Amino acid sequence: MNIKKIAVLAGLMTMGTVSFAAERNDAEALLIHKGKELSIFNINDRMRFDENRLEINGNLHLSENNRLEMRLRHFSSIGDGDVGDTRDSGNTAEDRTEMRFRLHTQVDVENMIIRTELKTNTYGSNDGVNNFGGNKQYLRVQPTWHLFTDVEGLSSHLRAGIAFQHYSPDEKSTEYAYSFTSSFENFYTINDYLEIEGNIYYDYTFAGKGSDDYNSVDIEAYVYADYPLYNAENGMKLEALLEGGFDPYSFGARHFGDLNNVSGSGVEGHETYVLYAEPSIQVSKLLDENNSVYLKGGYYVEQNDENSTGKVDDTAFIRFGYTSKF
């Protein structure tokens, strides 16, 4: 990517973030893994490559035994698709809205919760993936077991449940499918500066209208680093941050009768992977006990199945935000 394109993308990659959190401990309010212990509302706008994603999310503790996660995303395309993105998924968002609710309910069984998830997607006339409009609803219920509670710094969950998907590509056609879904999700805090995450997902989709039986496997692996460079008494703080990993590696949808051949369509129809790194520098200023502002600048680089011939997708970015605890 030449200097001119990097400069253009640096201008596009300005993101605003507003977050509100009710802290129950001394954890940082905006860290996703620790955010599960908080009640949080967050809104942010992300521009990357030729895609803009506006997201509103929240984590609300309804009661001692019930926690609700909410997320609303709207994707839209920007530019003309010729600013350095070589992958198909970079232009998936001609017009798409996604809404997701996850209710986590603690039950009487020790170390077990029930996660109920409802997700709906609404596509425009050409979403860049399926090339037609429509909508999709997804509901699943997963009993979840918290494993290895005696290992300090490790949070491991085993999930297994049943899901139902209803898909209407247009007014005259409707499809649906049932599936068994499972995952093994792990988050490990190594020290005050370094954390790693690793997840494995296995789904088996069985008989439904307009759907063939197939099974699929996805793997995710991430590393997070946060190293303080400067911390002043007036509340000014400078940090070096790093995020990276597989996001995710998908082995594609395969029939049990012929595991060597990938079947299906869209994202599930072929092996995919995204290997990325995002180093950045963040400066923050504590305004008072409950309010702070920050400015973050960095560089994003990605290797994926579409550019695996040796090229990479990369861009500079700038983000700014405001955080308030209440």
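How each quantity is defined
- Each chain carries its own residue numbering, running from 1 in the direction its sequence is written.
- Where totals are concerned, whole chains, interfaces and linings use all residues; where local detail is concerned, this predicted model gives features only for residues with pLDDT of at least 70, and gives and counts side-chain atom pairs only at 80 or more.
- Excluded from the side-chain calculation are hydrogens and water; included are all heavy atoms of the structure.
- Strands here are runs of E lasting at least two residues and helices are runs of H or I lasting at least four, both read from the DSSP assignment and numbered beginning at the N terminus.
- Exposure classes here rest on a 1.4 Å probe applied to the protein chains alone. A residue is buried below 20% of its type maximum, exposed above 50%, and partly exposed in between.
- Exposure was quantified through the Shrake-Rupley algorithm and a 1.4 Å probe, taking into account, for residues, occlusion by the shown protein chains and nothing else.
- Every residue pair with non-hydrogen atoms within 4.5 Å of one another is taken to be in contact.
- Nonpolar side chains (Val, Leu, Ile, Met, Phe, Trp, Tyr) within 5 Å and like charges within 9 Å form the patches, drawn only from residues with over 30% relative accessible area and no salt bridge.
- Whenever Lys or Arg places a side-chain nitrogen within 4 Å of a carboxyl oxygen from Asp or Glu, that contact is recorded as a salt bridge.
- Two rings from Phe, Tyr or Trp (for Trp, the six-membered ring) form a pair when their centres are within 6.5 Å of each other. A pair whose planes differ by under 30 degrees is stacked, one over 60 is edge-to-face, and the rest are tilted.
- Strands are treated as partners if at least two bridges between them are detected by DSSP.
- As a per-residue measure, pLDDT reflects the predictor's confidence and takes values from 0 up to 100.

### A closer look at the overall build of the protein
Along the protein, the regular secondary structure elements total two helices and 16 strands. The buried share of the protein, taken over its 326 residues, is 37%. Surface exposure of the protein reaches about 17,700 Å², of which carbon and sulfur atoms provide 56%.

### Some points on the side chain of Thr144
As for its placement among the helices and strands, Thr144 is situated in strand S7 (residues 134-147). On the basis of relative accessible area, Thr144 is assigned to the buried category, the value being 0%. Contact partners of Thr144, with chain neighbours within four places excluded, come to Asn111, Met112, Ile113, Arg115, His157, Leu158 and Arg159.

### Things to note about a nonpolar patch on the surface
A contiguous nonpolar surface patch, about 380 Å² in accessible area, is contributed by Leu72, Met99, Phe101, Leu118 and Leu139. Relative to the helices and strands, Leu139 is located in strand S7.

### Considering unusual backbone geometry
Most of the time, phi is negative for any residue but glycine, and the peptide bond is trans. Positive phi outside glycine occurs at Asn111, with the angle close to 60 degrees. Mapping Asn111 onto the fold places it in the loop between strand S5 (96-106) and strand S6 (112-123). Judged by relative accessible area, Asn111 falls into the partly exposed class, the value being 33%. Residue Phe148 is not a glycine yet carries a positive backbone phi of 55 degrees.

### Notes on the packing of aromatic side chains
Applying the stated rule across the entire model yields 11 aromatic pairs. Where Tyr178 meets Phe206, the ring centres are 6.3 Å apart and the plane angle is 10 degrees; that geometry is what we call stacked. A residue pair is termed long-range when its members are at least 10 positions apart, and Tyr178 in strand S9 (residues 173-189) and Phe206 in strand S10 (residues 194-206) qualify at 28 residues. Classification of Tyr178 by relative accessible area gives partly exposed; the value is 35%. Members of the aromatic cluster, joined through ring pairs, are Phe164, Tyr176, Tyr178, Tyr204 and Phe206.

### Details of the pattern of salt bridges
In this structure the tally under the stated criterion is seven salt bridges. Between Glu117 and Arg102 there is a salt bridge, with the nearest N and O atoms lying 2.9 Å from each other. Taken as a pair, Glu117 in strand S6 and Arg102 in strand S5 lie far apart in primary sequence, 15 residues in all. Both residues of the pair, Glu117 and Arg102, belong to the buried class. A salt bridge links Glu117 to Arg115, with the shortest nitrogen-to-oxygen separation between them at 3.9 Å. With relative accessibility at 4%, the residue Arg115 sits in the buried group. Sharing partners across several salt bridges, the network here consists of Arg102, Arg115, Glu117 and Arg140.

### Observations regarding the pairing of strand S4 (residues 66-77)
Pairing of strand S3 (residues 51-63) with S4, which is carried by 12 bridges, proceeds in the antiparallel orientation. Residue Glu55 lies in a different strand from S4, and its bridge partner there is Arg73. Count of turn residues in the S3/S4 antiparallel hairpin: two residues. Relative to S5, S4 is paired through 10 bridges, and the arrangement is antiparallel. For Arg71, the partnering residue across the bridge sits in S5 and is Arg100.

### Some remarks on the confidence of the model for the protein
Here the protein averages 75 in pLDDT, while 66% of its residues score no lower than 70. Predicted confidence is poor over residues 127-131, with pLDDT under 50, and the contacts of this stretch with residues over four places away or in other chains come to 16 contacts. Per-residue pLDDT stays below 50 along residues 264-269; that stretch engages in 11 contacts with residues further than four places along the chain or on separate chains.

### Observations concerning the side chain of Ser182
Within the secondary structure layout, Ser182 lies in strand S9. For Ser182, a relative accessible area of 15% puts it in the buried group. Discounting chain neighbours no more than four positions away, the residues touching Ser182 are Gln142, Arg159, Ala160, Ile200, Tyr201, Tyr202 and Asp203.

### Re the environment of Ile190
By secondary structure assignment, the location of Ile190 is in the loop between S9 and S10. Taking the relative accessible area as the measure of exposure, Ile190 reaches 41% and is therefore partly exposed. It is 8.8 Å that separates the C-alpha atoms of Ile190 and Leu154, two residues lying 36 residues apart in sequence. Setting aside chain neighbours within four positions, we find Ile190 in contact with Glu195 and Ile196.

### Description of the environment of Thr105
Along the polypeptide, Thr105 turns up in strand S5. In this structure Thr105 comes out as partly exposed when scored by relative accessible area, which is 22%. The contacts of Thr105, once residues within four sequence positions are left out, are Asn65, Asn66, Ile113 and Ile114.

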